[in-house]
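# Geometric and topological summary
For reference, the chains in residue letters:
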Amino acid sequence: MTVALIRHVRNGRKALHEAGEEAARRAVRTACRASHREIALESVAIEKDAMGKPHGLISGELSPVAVSISHSFPFAFAVASVIPGICLGADIERIRPLSAAVIDAFLTKREAKLLARLPPHEQRVELVRCWSLKESVLKAIGIGLRMHPRRVDISQIIGAKGKSHISIGIDDVMHKVRIWSSLMGNEYIATAIAIPTTSTYYGSVNLKRRSALYGNSRCSS
Amino acid sequence: MEALILREEAHCMETRDAVVEIISQTLHVAPAELADDRKLVDLAEDSIALFELLIRFEQALGGHIKYEDIAHIETVGDVIAYANTLPADLLKSAFNRTQNPPL
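Just so it is clear, the model here is predicted, and its values are computed rather than measured. (Residues numbered from 1 in each chain as written. Chains lettered and ligands numbered in written order. Predicted model: local features only at pLDDT ≥ 70, side-chain atom pairs only at ≥ 80, totals over all residues.)

## Side note on the UniProt feature "domain: 4'-phosphopantetheinyl transferase" (unreviewed entry) in chain A
Filter applied, for reference: UniProt positions are given in the numbering used here, feature names are shortened, and annotations may be inferred rather than shown by experiment. We count a stretch as a helix when DSSP gives it H or I for four or more residues in a row; a strand needs E for two or more, and each element gets its number in order from the N terminus.
According to UniProt, the "domain: 4'-phosphopantetheinyl transferase" (unreviewed entry) feature falls on residues 88-191 of chain A. For residues 88-191 of chain A, helix accounts for 35% and strand for 30%, while the C-alpha atoms at its two ends are 11 Å apart.

Encoded structure:
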């Protein structure tokens, strides 16, 4: 999983969107470089599938590269991986206080209990990191906020600083994932997650994704 | 027949008012800016604000709808259209609740 971050993006939806695609192209090139391949930035295109999930396409190649893009003014952030069988999710958030309603709604009871044990000064950042990681998971499985974030359980991540390989739950099924997160000053936090598609039925099968979206399973707490 | 049409029109206006009120309060956007074709994702500052809007709708409707029922909705007009499919008394109580927002 390689990361590309562009700072000082102009404000406005179009500028952020373009910077996000630029970051994704750079992340694809860096990922290729890490596997000892040189490609030109111009040979990488970013296209979205029917569910809105972006994929990297290298000119002349059939297999898409896994990418994920996020922006929060003034940043555009993207991750890419050329390793087959991986789905990626990335998110960048401004660190800000969250309303009690949002906190109650997106955390599971177990996550809320674990967060309450942290010192108050750590809670503010950790809450936003939790949100960001859940959004990364939902983006990785190609669903986004159309699925309730409480259906994702990241309790093993809370307080586990420095660990990159960890398990998360999606609808009570555990998946081994790789996580990455980084603070940018005290104002922004970026997170990314890599989930092996073999370990999750959400991976790339649209029918299963639709079933996850419109199925009857309620969020669990 | 005319009375029925007038009642339906009044119901639609109440629905629009309730929906616009919730969006305006949650996303801090003036009601005048909430045209039907405005996308919620463009109106919200970020994904957290968008999520807050969705849970406000879920709560305003008293748990009669599931989060996933509304989470795919894209525009202000889509929310109004969806709300118009709900029973009038349910919307009336949701509208009353927005006068004293639960959140």
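Still more ground to cover, so stick around.
## Comments concerning the sheet that holds strand S5 (residues 75-81) of chain A
Backbone hydrogen bonds hold the strands of a sheet together, and the pairing may be parallel or antiparallel. All names here are of chain A. Going by this rule: What makes two strands pair is DSSP finding at least two bridges between them. Fitted lines through C-alpha atoms give the axes, limited to the stretch in contact for helices. The angle between two N-to-C directions lies from 0 to 180 degrees.
Judged by pairing direction, the sheet is antiparallel, and its five strands sit side by side in the order S1-S5-S4-S3-S2 without closing on themselves. Two strands bound the open sheet, and with one partner strand each, they are strand S1 (2-6) and strand S2 (44-48). The sheet shows a mean angle of 30° between the axes of neighbouring strands, direction not considered. Note that strand S3 (residues 54-58) and strand S4 (residues 65-72) share two bridges and pair antiparallel. Note on S4: the bridge partner recorded for Gly56 is Val65.

## Examining the nonpolar core
Residues and elements named next belong to chain A. Stated formally: Joined through C-beta atoms within 7 Å, a set of buried Ala, Val, Leu, Ile, Met, Phe, Trp, Tyr and Cys residues constitutes a nonpolar core. Exposure criterion: with C-beta atoms placed from backbone coordinates, a residue whose C-beta has 20 or more other C-beta atoms within 10 Å is buried, one with 12 or fewer is exposed, and one in between is partly exposed. The split of the chain into domains comes from an automatic or database domain assignment. Any two residues are considered in contact once their C-beta atoms, placed from the backbone, lie within 7 Å.
Grouped together as the largest cluster of nonpolar side chains are 83 residues, with contacts concentrated most on Ala27, Val67, Ala78, Ala80 and Leu88. Among the domains, domain 1 (2-84) and domain 2 (94-193) are the pair contributing at least three residues each to this core. Residue contacts for Leu88: discarding those within four places in its chain leaves Met1, Ala66, Val67, Ser68, Val79, Ser81, Ala140, Ala192 and Ala194.

## Some thoughts on the domain arrangement of chain A
Residues and elements named next belong to chain A. So the rule is basically this: Three classes are used: nonpolar for Ala, Val, Leu, Ile, Met, Phe, Trp, Tyr, Cys and Pro, charged for Asp, Glu, Lys and Arg, and polar for all others, with Gly counted as polar.
Partitioning chain A into domains gives domain 1 (2-84) and domain 2 (94-193). One C-alpha centre belongs to domain 1, the other to domain 2, and the line joining them spans 23 Å. Contact with domain 1, which involves nine residues of that partner, is made by eight residues of domain 2. Counting residues per element, the ones that place at least two in the side of domain 1 that touches domain 2 are S1, S4 and S5. Residue composition of the side of domain 1 that touches domain 2, by class: six nonpolar, two polar and one charged.

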